[in-house]
Amino acid sequence: MDFKKKVLVLGVNGQDGSYIAESQIALGNFVYGVGRQSLSRWVSPCDNFKYIELNLIDLKSLENLLNSTLPDLIFHFSAVHGPSGYDYESVWSDMHVVNMLTVNLILEHIRSKTPGVKMIYASSSKALSSNLQEISEDSPKTSNCLYTITKNTAHDLMLFYRNKHDVDSSTVWLFNHESIRRPEGYFVHKITDIIISSLKDKRFYCDIGDLNFWCDWGDAKEYMHIISSSISNVKHHDFLLSTGVTINAQIHCKELFLAFNLNIED
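K.L.:
How would you summarise the packing of aromatic side chains if you had to cite specific residues and measurements?
P.N.:
Going through the model one piece at a time under the given rule, you end up with nine aromatic pairs. Relative to Tyr32, the ring of Phe30 has its centre 4.9 Å away and its plane inclined at 65°; by these criteria the two rings are edge-to-face. With a relative accessible area of 14%, Tyr32 lands in the buried category. Judged by centre distance (6.3 Å) and plane angle (65°), the rings of Phe213 and Trp217 are edge-to-face. Among the residues examined, Trp217 registers a relative accessible area of 14% and is labelled buried. Through a chain of ring-to-ring contacts, the aromatic side chains of Phe3, Phe30 and Tyr32 assemble into a single cluster. Directly above the ring of Tyr19 sits Arg181, whose terminal nitrogen or CZ lies 4.1 Å from the centroid. The ring of Tyr186 has Arg182 lying over it, and the distance from NZ or CZ to the ring centre is 4.4 Å.

K.L.:
Before we move on, can you summarise the packing of helix H2 (residues 59–69) against helix H3 (residues 92–113) with the specific residues and values?
P.N.:
Orientation of H2 relative to H3, taken along the N-to-C sense of each, is 35°, at an axis distance of 11 Å. In the crossing of H2 with H3, the sense of the turn from one axis to the other is right-handed. Counted together, Leu59, Leu62, Glu63, Leu66 and Asn67 of H2 and Val97, Leu101, Thr102, Leu105, Ile106, His109 and Lys113 of H3 form the full contact between these two elements. Residue classes in the contact of H2 with H3 are distributed as seven nonpolar, three polar and two charged.

K.L.:
Quick rundown of helix H4 (residues 146–165)? Include the residues and the values.
P.N.:
Under the 1.5 Å per step criterion, the end-to-end length of H4 is 28 Å for 20 residues, consistent within 8% with the ideal 28 Å. The secondary structure elements touched by the buried residues of H4 are H3, strand S5 (118–124) and strand S6 (168–174). Note on H4: the residue one or two positions beyond its end, Asp166, has a positive phi of about 60°.

K.L.:
Quick rundown of the sheet that holds strand S10 (residues 239–241)? Include the residues and the values.
P.N.:
Ordered in space as S3-S2-S1-S4-S5-S6-S10, the seven strands form an open sheet in which the pairing is parallel. Both edges of this open sheet fall to strand S3 (49–53) and S10, since each of them pairs with a single strand only. Sheet twist, expressed as the average angle between the axes of neighbouring strands with direction ignored, equals 20°. Sitting on the sheet, helix H6 (residues 220–229) touches strand S4 (73–76), S5, S6 and S10, and the angle it makes with S6 is about 165°.

K.L.:
Provide a residue-level description of the pattern of salt bridges, including the pertinent values.
P.N.:
Side-chain pairs of opposite charge can arise where the charged atoms are in close proximity. Considering all chains together, one arrives at seven salt bridges under this definition. Glu178 is the partner of Arg182 in a salt bridge, and the nearest nitrogen-oxygen pair spans 3.2 Å. Arg182 sits in the buried class, given a relative accessible area of 12%. In this structure Glu178 comes out as buried when scored by relative accessible area, which is 13%.

K.L.:
With reference to specific residues and values, describe the pairing of S6.
P.N.:
S6 sits mainly inside the fold: seven of its seven residues count as buried. Where S5 lies against S6, seven bridges are found, and the strand directions are parallel. Its bridge partner lying in S6, Ile120 is registered against Ser170. Sheet topology places S6 next to S10; three bridges connect them, and they run parallel. Across the sheet, residue Val172 finds its bridge partner in S10, namely Phe239.

K.L.:
Go over the nonpolar core, please, and point to the residues and values.
P.N.:
Here is a general trend for soluble globular proteins: nonpolar side chains tend to be buried in one another's company. Core analysis: the largest hydrophobic core is formed by 30 residues, its most contacted members being Leu8 and Val34. Sorting the residues of this core by element identifies strand S1 (6–10), strand S2 (30–35), H2, H3, S5 and H4 as the ones contributing at least two each. Element by element, the count of residues in this core is highest for H3, at seven residues. If near-sequence neighbours (up to four positions away) are discounted, Leu8 is found in contact with Tyr32, Val34, Leu65, Leu66, Pro71, Leu73, Ile74 and Phe75. Ile25, Val31, Leu174 and Phe239 belong to the second-largest nonpolar core, a separate cluster that totals 25 residues.

K.L.:
For the side chain of Thr148, give the residues involved together with the corresponding values.
P.N.:
Along the chain, Thr148 turns up in helix H4. Owing to a relative accessible area of 1%, Thr148 belongs among the buried residues under this scheme. Beyond its immediate stretch of four places on either side in the chain, Thr148 contacts Lys126, Ala127, Thr142 and Ser143.

How each quantity is defined
Residues numbered from 1 in each chain as written. Predicted model: local features only at pLDDT ≥ 70, side-chain atom pairs only at ≥ 80, totals over all residues. Heavy atoms only, no water. Phe/Tyr/Trp six-rings, centres within 6.5 Å; stacked < 30°, edge-to-face > 60°. Buried < 20%, exposed > 50% of the residue type's maximum accessible area, 1.4 Å probe, protein only. Lys NZ or Arg CZ within 6 Å of the ring centre and 35° of its normal. Axes fitted to C-alpha atoms, helices over the stretch in contact; angles between N-to-C directions. Helix = DSSP H or I, 4+ residues; strand = E, 2+ residues; numbered from the N terminus. Left-handed = near helix turned anticlockwise from the far one by under 90°. Contact = heavy atoms within 4.5 Å. Nonpolar A, V, L, I, M, F, W, Y, C, P; charged D, E, K, R; others polar. Expected span 1.5 Å × (residues − 1). Pairing = 2+ DSSP bridges. Salt bridge = Lys/Arg side-chain N within 4 Å of Asp/Glu carboxyl O. Core = buried A, V, L, I, M, F, W, Y, C linked by side-chain atoms within 4.5 Å.

Encoded structure:
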């Protein structure tokens, strides 16, 4: 069977990586999906998908994989990250390798061995300054935690290789985006679990802290489809993905609870 492109997806067992892989498969491309686990979690076996178990802290194995597969398109959607309040200090060593050093390795591989290959790197809105009324791809970046330090450094690497070596590299800053594939511990997942528990037991109570914040929430599957079908075809540009609509968490949660005839105050 002839395939349009060979695509490498790092982090295929994550929410974003799995949706990217499925979108690329639907486009008729052959996808190599990389994850730490022994099996593919979300993407089903098919003729144009091969799952590869590989821990990205093993840089030599990643280099060997690049040399053996020679992909036409690379999605770096793997990262050491966690929900709000996550202790990044305890995982700094692994995060340094996965979030940054792998980026340099891939960019150098493209520069020296496979010119013309495109790389797309997923960054986070956390790395963008929050003190602006209007935010774009050119907005100032802020490194206010170890996670954003790694993300901003990776973007700097992307820019360096793009400007000096003409490597086709794009950073995509993603505002909050959710799905049923989001790991436990994230905000929307928590709220959903609380609603389910409250429906089962009217006496259920859970304190999740301050709800007085605003956020932009989108749909993960839709975002990955946009990246896969549109952004991956544009050269030498960075992108920002959001709904453009901010929602107050407290108001939103009250509406969600009322939809199930529940009072959030209870």
